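Breakdown of the fold
Here's the letter readout for the chains.
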Amino acid sequence: EPEVTQTPSHQVTQMGQEVILRCVPISNHLYFYWYRQILGQKVEFLVSFYNNEISEKSEIFDDQFSVERPDGSNFTLKIRSTKLEDSAMYFCASSPLVGFTDTQYFGPGTRLTVL
Amino acid sequence: DAKTTQPPSMDCAEGRAANLPCNHSTISGNEYVYWYRQIHSQGPQYIIHGLKNNETNEMASLIITEDRKSSTLILPHATLRDTAVYYCIVRPGTDKLIFGTGTRLQVFP
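A brief look at the structure comes next. One numbering rule holds for all chains: residues counted from 1, following each sequence as written. Written order determines the labels here, with chains lettered from A and ligands numbered from 1. Where totals are concerned, whole chains, interfaces and linings use all residues; where local detail is concerned, this predicted model gives features only for residues with pLDDT of at least 70, and gives and counts side-chain atom pairs only at 80 or more. Hydrogens are left out, water is left out, and the side-chain values use all remaining heavy atoms of the structure.

Comments concerning the interface of chain B and chain A
The contact criterion used throughout is that any non-hydrogen atoms of two residues lie within 4.5 Å. Counting residues at the interface gives 20 residues for chain B and 20 residues for chain A. Carbon and sulfur atoms make up 55% of the area that chain B and chain A hide from each other, which totals about 1,600 Å². Whenever Lys or Arg places a side-chain nitrogen within 4 Å of a carboxyl oxygen from Asp or Glu, that contact is recorded as a salt bridge. Summed over the shared surface of chain B and chain A, the number is two salt bridges. With a shortest N-O distance of 2.8 Å, B:Arg91 and A:Asp102 are connected by a salt bridge. We define a polar contact as two N or O atoms separated by no more than 3.5 Å, with the added condition that, inside protein, one atom must be a possible hydrogen donor and the other a possible acceptor, whereas residues neighbouring each other in sequence contribute only through side-chain atom pairs. Counting across the chain B and chain A interface gives seven residue pairs in polar contact (both at pLDDT 80 or more). Among the secondary structure elements, those contributing two or more residues to the side of chain B that touches chain A are strand E3 (31-38), strand E4 (45-50) and strand E8 (84-92) of chain B. It is E3(B) that provides the largest number of residues to the side of chain B that touches chain A, a total of four residues. Once two parts are put together, the accessible area they lose, assessed with a 1.4 Å probe and summed over both, is termed the buried area. The secondary structure listing takes helices from DSSP runs of H or I that are at least 4 residues long and strands from runs of E that are at least 2 residues long, numbered from the N terminus.

Now the structure itself:
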């Protein structure tokens, strides 16, 4: 069964450094998402991406964040200058469009630790 | 904010059916009911979704009341591996998922 994959599984970085989290969505899916979950808190939506552009972003997704689909398979989340409060699990999701609904399938996540 | 209300926790004996309720009294006509679960800190796992009819797949059954103001997720034969946080989410067909705090299901031997 096809799966969303994410790399790395764990990323440790120093505050102020740039990080790039990578995701390979399920082939033929059209919608791509990033969510995050701070330890002990809810899963929060960050951004959705469709047709090579951002379709929606949350208040969390400020100028320090960017997303890109550099080729036909990868979907990346970049944090330009990490802060301590960016420490969280970051989940990528992808979905097809079937009729009027899309079902999002999540990757295993990347644990980001900012020191 | 999440549009659903779920009990914070439930227990279930292994092999028995787990019935997880969800209230969504303000659901709109174009909103679907989705269920996901999260095992420990893994990525949320899709379980099932429905609009107004009851649905069944290999993982679970979803029973939606006629007025669509509540639903129940049924795991017919719970196993220890079903221990997880279960999220009930209502959303239009294509939209971000808004996660609440869910129901923590503990399956015991």
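With respect to the environment of A:His10
Residues and elements named next belong to chain A. Its location among the elements puts His-10 in strand E2 (residues 10-13). Exposure remark for His-10: the relative accessible area of 43% places this residue in the partly exposed category. Look past the residues within four positions of His-10 in its chain and what remains in contact with it is Arg-111 and Thr-113. Of the polar contacts made by the side chain of His-10, one reaches the side chain of Thr-113; its length is 3.1 Å. Burial status follows relative accessibility: with a 1.4 Å probe on protein chains alone, a residue under 20% of its type maximum counts as buried, one over 50% as exposed, and anything between as partly exposed.

Focus: the pattern of salt bridges
The full count for this structure, using the stated rule, is six salt bridges over all chains. Of the charged contacts in the structure, one is a salt bridge between B:Arg37 and B:Asp82, with a shortest N-O distance of 2.8 Å. Here the residue B:Arg37 occupies a position in strand E3, and B:Asp82 occupies one in the loop between strand E7 (70-75) and E8, the gap between them amounting to 45 residues. Taking relative accessible area as the criterion, B:Asp82 reaches 13% and is therefore assigned buried. Between B:Asp95 and B:Lys96 there is a salt bridge whose closest N-O contact spans 4.0 Å. Taken together, the shared-partner salt bridges in this structure form one network comprising A:Glu56, B:Asp95 and B:Lys96.

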